[in-house]
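# Descriptive analysis of the structure
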Amino acid sequence: GLPYRVRLVGGAGGEKSPEHLADQPFGQVPVLREGPLTLFESGAILVHLGGKDERLLPTASVAHARAIGWVFAALNSIEPMTQALLLARHSAEGQAWQSAAVAAMRPIVQQRIDRLAQALGNREWLEERFTIGDLAIADVLRAAPDPALLAAHPNLTAYVARATARPAFQAAMAAQLADFDPDPA
C-alpha cells in the first residue's frame, strides 16, 4: 500500500544507462529510491520495506530475525541453485556438456526443494504468519525453472498458490505487467 513510481531501465541483458549503473552497479533490478536512500538487491529492499510495516516484518526480535533469515535462505540457498539449473538448461543449449551439467545440478536443486518442503511441513507460512520471508521464498519458487521440482511437494505447490493469490501480490503483478502492455486500453 505504499506509494511508488516505476522507472523502466531497459531490457534484460541490454546496456544500462550510467544513471542506472550509479544506482545498481550490476545493472540489475530492482532498485529503490526513497529520498536520499538508494537501495539495490531484493533482500535489502524487502528488509527496508518490511521495516515500514509490521505486517511484513514482525517487530518481536525472534520473529523479526526469523523472517529475515528466510529472505536470506531464498536468495542464498534456493535461488542460486535454481538459477544455475536454469542457466545450464538454457544458456548452454547445443553444448556438449549441457546434459551433464543439468544432470549434475538437478539433484542439488531437488535436495534444496525437498528440505524446504520439510521445513514448511503442513503450515500455511514458514513462520506463524506471512512475512517478507514468505514473499521472497514464494517468488523464488514461482520462478523455478522446472515445475516438476515442486510437483512432488503438494505443500510447496499450495504455499506458492496461497502467496501468489494474496491481493497485494495480484495488485503488484498487475501493475508490473501493465508497464509492458502495448495496448493499455
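Each remark here, short or long, concerns the structure printed above.
What you see is a predicted model; the values in this text were computed from it and never measured. (Residues numbered from 1 in each chain as written. Predicted model: local features only at pLDDT ≥ 70, side-chain atom pairs only at ≥ 80, totals over all residues. Heavy atoms only, no water.)

### Here's the deal with the packing of aromatic side chains
- All chains considered together, the criterion is met by three aromatic pairs.
- Consider the rings of W125 and F130, whose centres lie 4.9 Å apart with planes at 80°: the pair is edge-to-face.
- We classify W125 as buried; its relative accessible area is 9%.
- A ring pair is formed by W125 and Y159, whose centres lie 5.8 Å apart and whose planes are at 65°; its orientation type is edge-to-face. (Phe/Tyr/Trp six-rings, centres within 6.5 Å; stacked < 30°, edge-to-face > 60°. Buried < 20%, exposed > 50% of the residue type's maximum accessible area, 1.4 Å probe, protein only.)

### Description of the pattern of salt bridges
- In total, this model carries ten salt bridges according to the counting rule given.
- Note that K52 and E34 form a salt bridge whose closest N and O atoms lie 3.1 Å from each other. Highlighted residues: K52 in the loop between α2 (42-50) and α3 (61-90) and E34 in strand β1 (residues 31-34), separated in sequence by 18 residues.
- Assessed through its relative accessible area of 42%, K52 is described here as partly exposed. (Salt bridge = Lys/Arg side-chain N within 4 Å of Asp/Glu carboxyl O. Helix = DSSP H or I, 4+ residues; strand = E, 2+ residues; numbered from the N terminus.)

### Quick notes on α3
- The end-to-end C-alpha separation of α3 is 42 Å, in line with the 44 Å expected for 30 residues at 1.5 Å each.
- The largest bend along α3 measures about 45° and falls at E79, with the proline P80 one to four residues further on.
- Of all the positions in α3, only A67, I68, W70, V71, A73, A74, I78, M81, T82, L85 and A88 are classed as buried.
- Where α3 is buried, its residues meet α2, α4 (98-120), α5 (132-142) and α6 (148-151). (Expected span 1.5 Å × (residues − 1). Bend = angle between axes of the 7 residues up to and from the residue. Contact = heavy atoms within 4.5 Å.)

### Concerning the environment of Q24
- Considering the arrangement of structural elements, one finds Q24 in the loop between α1 (18-23) and β1.
- The exposure class of Q24 is buried, given its relative accessible area of 1%.
- As for Q24 and F40, which are separated by 16 residues in sequence, their C-alpha atoms are 5.9 Å apart.
- Setting aside chain neighbours within four positions, we find Q24 in contact with P30, V31, F40 and E41.
- A distance of 2.6 Å separates a polar atom in the side chain of Q24 from the backbone nitrogen of F26. (Polar contact = N/O pair within 3.5 Å; in protein donor to acceptor, adjacent residues only side chain to side chain.)

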